[in-house]
Amino acid sequence: MTDGEDIRVTESREPDMSDIHSGAADGPRTTALDAVHRALGATMTDFAGWDMPLRYASERDEHIAVRTRAGLFDLSHMGEITVTGPQAGELLDYALVGELSRLSAGRARYTMICDASGGILDDLIVYRTGEETYMVVANAANAQTVLDALRERGAGFGAAEVRDDRDAYALIAVQGPEAGGILKGLTDADLDGLKYYAGLPGTVAGRDALIARTGYTGEDGFELFVSPADAVAVWEALTEAGTPAGLVPCGLSCRDTLRLEAGMPLYGHELTTRTTPFDAGMGRIVKFGKTANDGAFVGREPLEAAAARAETAPPRKLVGLIAEGRRVPRAGYAVVSAADGSVIGEVTSGAPSPTLGRPVAIAYVEPEFAGPGTEGVAVNIRGKHEPYEVVALPFYKRQR
């Protein structure tokens, strides 16, 4: 695509939103696909204030379908925020840890927004959708926090506007080895030419869409930003086209086990306001060499100190753990030394791995226990010290 081309869903297609993201005033909101999920018999759950599908049948079968064929997800609870204007890039360079002003139109970047002490407020994907337009995608639970922070930090950038576009989009993801083949028959977009972490405008089943090659499963796949009024038609078209290839609808439960196997962090678990990007082993996304705003950005000095600590005396490191037995660790469980039972870390995420056939976990541990193959590491599971193998993340990496 050419610089300056806007890949936001056409505004003229946006409906009256009063009935789309509905729900009782004191209850969770619903997505444009709510009736579809219920017709499919989904088990629903309140997630970050949204009524979302947890699973449709077997979460293990849904997980395996994504690894071997394809899965279809409703991600409409995610928060889309548009930043536009001549100073949009400068604002984002100041507000976030990355250098978004250097992002080419049509590309996307994983980044984070930190507080003034360097603690992580949220991890984000930012798409540059035009020469002066960016779309920031926040986690559902943190969308309002991110919106408020961008507006506050944008006060000094008069030529930039921060717009809440959460009700302008439904987000549908198709993930797995068969995802490209399924989508090709429904779109006019050049999927073969679409790089990872890039997006382009097109149509899906005749509906306008921003088609992005991103995802949270460890597989190849696409995320489709469409008007809520078009969500059902796009979902049904993907279902019809994908069923012969083994596509199944998938809920949040298998999305979590998929991202866990792929070693992808989850906000509230691996990432919190008590951790910096350097604590999480993701210091590479912090760009201290920014040129806009004379290099200033929120949290810079504490993050420089965190970078120095990570080089010399990191208090803990993020690692993978694979169980030798069958008992499953959960977030908050203590990681201990098998020799003396002393606490050496804490599990941040844990679940059975359908791909590996054993329970796995992500944990922060003391540096001397962080090397792959380190012996004598266990997890305290209800008073019993279960042995675990320390491994490098991710647990699973797809064949390219």
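Given the structure is predicted, the values throughout are model-derived calculations rather than measurements. (Residues numbered from 1 in each chain as written. Predicted model: local features only at pLDDT ≥ 70, side-chain atom pairs only at ≥ 80, totals over all residues. Heavy atoms only, no water.)

### Quick notes on the sheet that holds strand E18 (residues 358-365)
Operational definition: Strands are treated as partners if at least two bridges between them are detected by DSSP. Secondary structure is summarised from DSSP: a helix means a run of H or I of at least four residues, a strand means a run of E of at least two, and numbering begins at the N terminus for each. Each axis is a line fitted through C-alpha atoms, and for a helix only the stretch in contact is used; angles between axes span 0 to 180 degrees, taken between their N-to-C directions. The contact criterion used throughout is that any non-hydrogen atoms of two residues lie within 4.5 Å.
Ordered by their spatial adjacency, 6 strands build a closed barrel running E15-E18-E17-E16-E19-E20, and the pairing between neighbours is antiparallel. Neighbour-to-neighbour, the strand axes of this sheet turn through a mean angle of 45 degrees, independent of strand direction. With 4 bridges connecting them, strand E19 (residues 377-381) and strand E20 (residues 384-391) associate as antiparallel partners. Bridge pairing links asparagine 380 to histidine 385 in E20. Relative to the sheet, helix H7 (residues 252-261) contacts strand E17 (343-353) and E18, its axis offset from that of E17 by approximately 125 degrees.

### Some details on the pattern of salt bridges
What counts, and what does not: Salt bridges are defined as contacts in which a side-chain nitrogen from Lys or Arg sits within 4 Å of a carboxyl oxygen from Asp or Glu. Exposed residues in this analysis have more than 50% of their type's maximum accessible area, buried residues have under 20%, and partly exposed residues fall in between, with area computed by a 1.4 Å probe over protein chains only.
All chains considered together, the criterion is met by 17 salt bridges. The partner of aspartate 51 in a salt bridge is arginine 38, and the shortest N-O contact between them spans 2.4 Å. In this pair, aspartate 51 sits in strand E3 (residues 50-55) while arginine 38 sits in helix H1 (residues 34-39), placing the two residues 13 residues apart along the sequence. With relative accessibility at 14%, the residue aspartate 51 sits in the buried group.

### Quick word on the sheet that holds strand E1 (residues 29-30)
Read across the sheet, 3 strands follow the order E1-E3-E2 without closing on themselves; strand pairing throughout is mixed. The sheet terminates laterally at E1 and strand E2 (43-47), the two strands that pair on one side only. Two elements, E1 and E3, share 2 bridges in a ladder whose sense is parallel. Pairing of threonine 30 across the sheet is with aspartate 51, part of E3. The strands touched by H7 within the sheet are E2 and E3, with E3 carrying the most contacts at an inclination of about 70 degrees.

### Digging into the packing of helix H2 (residues 59-68) against H7
Stated formally: Convention used here: angles under 35 degrees read as roughly parallel, angles over 145 as roughly antiparallel, angles from 65 to 115 as roughly perpendicular, and any remaining angle as oblique. We call a crossing left-handed when the near helix sits turned anticlockwise from the far one by less than a right angle, and right-handed when that turn is clockwise.
Running from N to C, H2 and H7 point in directions that differ by 50 degrees, and their axes come no closer than 8 Å. Relative to H7, the element H2 lies oblique. For the pair H2 and H7, the sense of crossing is right-handed. Contacts from Glu59, Glu62, His63, Val66 and Arg67 in H2 reach Ser253, Cys254, Thr257, Leu258 and Glu261 in H7.

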